[in-house]
Amino acid sequence: MKKSLLAALIAATLCIPAVASADDETDMATIPCKEFLSAGESEMGLMLTWIDGYMSARSDNTMMSKAWMEKLGAHMASFCSSNPGKTIMDAMNAVPSN
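Residues numbered from 1 in each chain as written. Predicted model: local features only at pLDDT ≥ 70, side-chain atom pairs only at ≥ 80, totals over all residues. Heavy atoms only, no water.

Moving on, we get to the overall build of the protein. Looking only at helices and strands, one finds five helices and zero strands in the protein. Listed N to C, the secondary structure of the protein is α-α-α-α-α in terms of helices and strands. Expressed as a percentage of its 98 residues, the buried residues of the protein come to 30%. Partitioning the intrachain contacts of the protein with sequence separation of at least 6 by distance along the chain shows that 60% fall at a separation of at least 24. In the structure as shown, the protein presents an accessible area of about 6,600 Å², 60% of it carried by carbon and sulfur atoms. (Helix = DSSP H or I, 4+ residues; strand = E, 2+ residues; numbered from the N terminus. Buried < 20%, exposed > 50% of the residue type's maximum accessible area, 1.4 Å probe, protein only. Contact = heavy atoms within 4.5 Å. Areas by Shrake-Rupley, 256 points an atom, 1.4 Å probe, with all protein chains shown as cover.)

We now examine the packing of helix α3 (residues 41-59) against helix α4 (residues 66-82). When two helices pack together, their arrangement is given by the angle between the helix axes and by the axis-to-axis distance. Axis separation between α3 and α4 bottoms out at 11 Å; the angle between their running directions is 110 degrees. In this view, α3 runs roughly perpendicular relative to α4, as classed from their interaxial angle. Contacts between α3 and α4 involve Leu 48, Thr 49, Ile 51, Asp 52 and Met 55 from the first element and Trp 68, Met 69, Leu 72, Gly 73 and Met 76 from the second. In terms of residue class, the contact of α3 with α4 is made up of seven nonpolar, two polar and one charged. (Axes fitted to C-alpha atoms, helices over the stretch in contact; angles between N-to-C directions. Parallel < 35°, antiparallel > 145°, perpendicular 65-115°, else oblique. Nonpolar A, V, L, I, M, F, W, Y, C, P; charged D, E, K, R; others polar.)

The next point concerns the confidence of the model for the protein. Per-chain confidence: the protein averages 82 in pLDDT, with 76% of residues scoring 70 or above. Ignoring residues within four places in sequence, the model shows residues 5-10, a span with pLDDT below 50, making zero contacts including any to other chains. (pLDDT = per-residue confidence, 0-100.)

Glancing now at the state of the cysteines. Per the counting criterion, the structure on display carries one disulfide. Between Cys 33 and Cys 80 runs a disulfide, and the two sulfur atoms are separated by 2.3 Å. Torsion about the S-S bond of the Cys 33 and Cys 80 cystine: about -50 degrees, corresponding to left-handed handedness. Placement of the pair is Cys 33 in helix α2 (residues 33-38) and Cys 80 in helix α4, with a sequence separation of 47 residues. Pair check on accessibility: Cys 33 and Cys 80 agree, each one buried. (Disulfide = S-S within 2.5 Å.)

This part is about the nonpolar core. The biggest cluster of nonpolar side chains holds 20 residues, and the ones touching the most others in it are Phe 36, Ile 51, Met 55, Leu 72, Met 76 and Ile 88. Counting residues per element, the ones that place at least two in this core are α2, α3, α4 and α5 (88-93). The dominant element in this core, judged by the number of residues it contributes, is α4, at six residues. (Core = buried A, V, L, I, M, F, W, Y, C linked by side-chain atoms within 4.5 Å.)

As for its position among the elements, Trp 50 is in helix α3. According to the relative accessible area criterion, Trp 50 is partly exposed, its value standing at 32%. Each C-alpha atom, one on Trp 50 and one on Met 28, is 8.8 Å from the other, the two residues being 22 residues apart in sequence. Excluding anything up to four places from it in sequence, Trp 50 contacts Met 28 and Met 89.

For the rest of this paragraph, the subject is the side chain of His 75. Tracing the backbone through its elements, the reader meets His 75 in helix α4. Here the side chain of His 75 touches Ala 91 through a polar contact of 2.7 Å, landing on its backbone oxygen. Contacts of His 75, omitting those with residues within four sequence positions, involve Ala 91, Ala 94, Val 95 and Pro 96. (Polar contact = N/O pair within 3.5 Å; in protein donor to acceptor, adjacent residues only side chain to side chain.)

Written out as structure tokens, the structure is:
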């Protein structure tokens, strides 16, 4: 179990530089949809996880499910494909309520 947790932490840490800018910080509110769409699989997964966490904090919902993450990913891809100049925050704010 500890080895699995350590491996997951290392994998997550390796993904962070892909999202972080040169100064090691990224304002997630400014990431354009076109950048989200061109992200690699691990980078996109990291962004989706951040989006889920942000939305969960706003809604006080601590549940996470595979179905929700698939729905979120599909929404983000659809919204961003139609609105490449918008930000991922715009896409996130347009997620339909359950």
